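This is what each chain is made of:
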Amino acid sequence: MKGIVIYKTKYGSTREYAQWIAQECGFPLCSVRQRLGRILADSDIVILGSPIRIGRVKIAPWMKRRWQMLRQKKLVVFSVSAALPDDPSVHDAWRQSLTEDIRAVCTCFSLPGRLVFDKLTPVDRFLMHRGAMIEGDEGVQEGMLEGIDNVERTLIEPILAHIRSLQA
Ligand SMILES: Cc1cc2nc3c(=O)[nH]c(=O)nc-3n(C[C@H](O)[C@H](O)[C@H](O)COP(=O)(O)O)c2cc1C
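Residues numbered from 1 in each chain as written. Predicted model: local features only at pLDDT ≥ 70, side-chain atom pairs only at ≥ 80, totals over all residues.

Q: I would appreciate a short explanation of the overall build of the protein chain in the present structure.
A: Check the secondary structure of the protein chain and you find nine helices and eight strands. Along the first, second and third principal axes, the C-alpha atoms of the protein chain reach 45 × 30 × 30 Å. Within the protein chain, contacts between residues at least 6 apart in sequence are counted, and of these 77% link residues at least 24 apart. (Helix = DSSP H or I, 4+ residues; strand = E, 2+ residues; numbered from the N terminus. Contact = placed C-beta atoms within 7 Å.)

Q: Explain the site of the ligand here, please?
A: Around the ligand, the surrounding shell holds 23 residues, and the nearest of these are T14, P51, S81, A83 and G113. Elements represented by at least two residues in the shell around the ligand include exactly α1 (13-25), β3 (45-53), β5 (74-81), β7 (114-115) and α7 (122-134). Residues that form the shell around the ligand fall into these classes: eleven nonpolar, eight polar and four charged. Two domains each donate at least three residues to the shell around the ligand, and these are domain 1 (3-113 + 150-167) and domain 2 (116-148). (Near = placed C-beta within 6 Å. Nonpolar A, V, L, I, M, F, W, Y, C, P; charged D, E, K, R; others polar. Domains from an automatic or database assignment.)

Q: Is there a simple way to explain the environment of D44 in this structure?
A: Among the structural elements, D44 can be located in the loop between α2 (37-41) and β3. It is 9.7 Å that separates the C-alpha atoms of D44 and L166, two residues lying 122 residues apart in sequence. Once residues lying within four places of it in the same chain are set aside, the contact partners of D44 are M1, K2, G3, K73 and K74.

Function cannot be inferred from these measures alone, as they are strictly geometric.
Spelled out as structure tokens, the structure:
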């Protein structure tokens, strides 16, 4: 079965996870910025990776624009976020970004990401600073300003197991 891993990223953590998955599965790795035409049309399994930013799964508009084609594929979607995977805000972001119909045919995974305050663009630094000011949870506030790094290769294991089950 042919597969493809497609990612959207701003600071690289989603690409890192996508690259590991592509390596393990032997699938090509592509960015949403590339022209995917034939390579996407010919794939049976499509794995999509996206950061969550400001409460939204950022790849959602890209998916919606291609839904007529994507709905014919076996779809695996993973999000990458500062919030830990079991945090309710992650679930909310999925619900806010994709309709129930779309979520019903995707297998969704959530992975923890990386935030390095000093590497953010000035606009993102401002947004993060403003967000931290209104954040009630001190631990989350600290992570927003001092940074976090929860990216780990072993966390892709459940995704790999699911992809193997699709190939079986
Ligand atoms: C401006 C901005 C907004 C963000 N908004 C959220 C958010 O709403 N929820 C969350 O859990 N993480 C949020 N994050 C953290 C990112 O999801 C996290 O840093 C992720 O690893 C980034 O992925 P990337 O490295 O592929 O760009 C935000 C980060 C930035 C810079």
